[in-house]
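What follows is each chain in one-letter form.
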Amino acid sequence: RFHHTSTSHLCSCSKTISDEKYQDPFQLGRKDLKNLYEDIKKELLVSAAELKEMCDYYFDGKGKAFRPMIVVLMARACNIHHNNSKEVQASQRSVAIIAEMIHTASLVHDDVIDDANSRRGKRTLNQIWGERKAVLAGDFILSAASVALARIGNTTIISVLTQVIEDLVRGEFLQLGSKENENERFAHYLEKTFKKTASLIANSCKAVSILGCPDPKVHEIAYQYGKNVGIAFQLIDDVLDFTSCANHLGKPTAADLKLGLATGPVLFACRQFPEMNAMIMRRFSKPGDVERARKYVLQSDGVQQTTYLAQRYCHAATREIRKLRPSPEREALVHLTEMVLMRDK
C-alpha cells in the first residue's frame, strides 16, 4: 500500500513531461504490435496437438506485451533520431516478437524451478501438464525464437540477443546462491536482477537501435535505457510482493520469501533488523521465518528504500533517452518510466 499511495509525492520524475504533449506508450505502440500474438503463434507452428495447446495457453493475447512495446517504441525513437524515418522495420518488429518469446519461455522454466501454481492469474503449465512437459514447452518456445532470430540474418543481432539467454541462465544460478557479506549480498541481488529481468529489455533495445542507426552512441543509449528500466521494473515487482494482494498481482504474495529469496525490501529491512541475517542465510526455511521476515519488512523502511532505488534507476533511464532527438516515441519512453513506478500489479 505504501508504494501505491506514496510514490506520487516521492517521485520527482512525474514532472518531466508535464509541459510536453502526453504520450501513452500503449496507444503509440499499438499499431506496431497489432497481431503480435498471432505472429508468435505462426513461429510456433507445430504438428503435436498437446504442444500447440501448451504454447497457445500462454500466448493468449491477454498479456500487456510490455517488453515488445518498449522495443517498438525504441525502434521508432532511434529511427527518427537517425534519419527521421517514422516506420518500424520488419527486422525490428521481429526483435519485439523474439523478446516476448524468450521472456515467455523463461517464465515457463521459472515456474518449474519454483514449483509455482499460478501465473498471470491462471494455473501454470507445470500444474496442468506436469514439469517434464512444461520444460519441453519452454525449450520449444526458445528454439522457435532462435529460428526467428537466425532469419533476421544479422550476426551482430544474433550475438546481442543470444546474450540474453546466457544471462537468464546465469541469473537463475545466482538466485540459487546466497552471500554471507551484507554488501556483497546487495551487489549479488542487483546482478541477479539485471541478468534475470533487465538484460532482455536492455539487449532488445540495443538490437533495434543497431538495426535502425549506425551510431554506437545511440546503441549505448538504447542499452542503458533498457537496463535501467528493467532493473526498476523488477525492484517494483519485489515491492509489490509485500504490498499487493494476491488477487491483484495474479500470483501469491510473499512468494519470494517462500522460495527462500531475499529481495530488495528484505535486504534493506535487514539493516534495521540484523536478526534477519540468520533467516536470509537459511533461506527462511524454519517454521515461522516467512511470517517473521514479512513482519520485519513491513515494520522497516525496506519497501520505501526499494522504491527510492527504483526511482533512481528510472531517473537514469530518462536521462539516457533524452539524449535522442525529440519525438512522440521518446516522450512515451520517458512516460513509461513513470508507469513502471506507479504500477500496482
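None of the values given here were measured: they were computed from a predicted structure. (Residues numbered from 1 in each chain as written. Predicted model: local features only at pLDDT ≥ 70, side-chain atom pairs only at ≥ 80, totals over all residues. Heavy atoms only, no water.)

### Here's the deal with the overall build of the chain
Here's step 1: Each helix and strand counted, the chain has 18 helices and two strands in total.
Here's step 2: Computed over the C-alpha atoms, the radius of gyration of the chain is 20 Å, within 12% of the 20 Å expected from 2.2 N^0.38 for a compact globule of 345 residues.
Here's step 3: Across its three principal directions, the C-alpha atoms of the chain cover 55 × 55 × 35 Å.
Here's step 4: Here the chain holds 345 residues, and the buried ones make up 56% of them.
Here's step 5: Restricting to contacts in the chain with at least 6 residues of sequence separation, those with at least 24 account for 74%.
Here's step 6: Working note: accessible area of the chain is about 15,400 Å², and carbon and sulfur atoms make up 52% of it.
Here's step 7: With 48 positive and 41 negative side-chain charges, the chain shows a spacing of 2 Å between the two charge centroids. (Helix = DSSP H or I, 4+ residues; strand = E, 2+ residues; numbered from the N terminus. Rg over C-alpha atoms; globule rule 2.2 N^0.38 Å. Buried < 20%, exposed > 50% of the residue type's maximum accessible area, 1.4 Å probe, protein only. Contact = heavy atoms within 4.5 Å. Areas by Shrake-Rupley, 256 points an atom, 1.4 Å probe, with all protein chains shown as cover. Lys, Arg positive; Asp, Glu negative; His and termini not counted. Charge placed at Lys NZ, Arg CZ, Asp CG, Glu CD.)

### Some details on the packing of aromatic side chains
Here's step 1: Under the criterion given, the structure shown has six aromatic pairs.
Here's step 2: Relative to Trp129, the ring of Tyr57 has its centre 5.6 Å away and its plane inclined at 80°; by these criteria the two rings are edge-to-face. Taken together, the positions of Tyr57 in helix α4 (residues 49-58) and Trp129 in helix α7 (residues 125-129) put the pair 72 residues apart, joining distant regions of the chain. Both residues of the pair, Tyr57 and Trp129, belong to the buried class. (Phe/Tyr/Trp six-rings, centres within 6.5 Å; stacked < 30°, edge-to-face > 60°.)

### What about the packing of helix α2 (residues 25-33) against helix α18 (residues 328-342)?
Here's step 1: Remark: α2 packs on α18, axes separated minimally by 9 Å, with the N-to-C direction vectors making an angle of 125°. By the angle class used here, α2 and α18 are oblique. For the pair α2 and α18, the contacting residues are Pro25, Phe26 and Leu28 in the first and Pro328, Glu329, Ala332, His335, Leu336 and Met339 in the second.
Here's step 2: Considered class by class, the residues forming the contact of α2 with α18 number seven nonpolar, one polar and one charged. (Axes fitted to C-alpha atoms, helices over the stretch in contact; angles between N-to-C directions. Parallel < 35°, antiparallel > 145°, perpendicular 65-115°, else oblique. Nonpolar A, V, L, I, M, F, W, Y, C, P; charged D, E, K, R; others polar.)

### Brief notes about the packing of helix α11 (residues 216-243) against helix α14 (residues 264-272)
Here's step 1: Interaxial distance between α11 and α14 falls to 8 Å at its minimum, and their mutual angle equals 75°. The pairing of α11 with α14 is recorded here as roughly perpendicular in orientation. Only Gly264, Pro265 and Val266 of α14 make contact with α11, whose side of the interface consists of Asp238, Val239 and Phe242.

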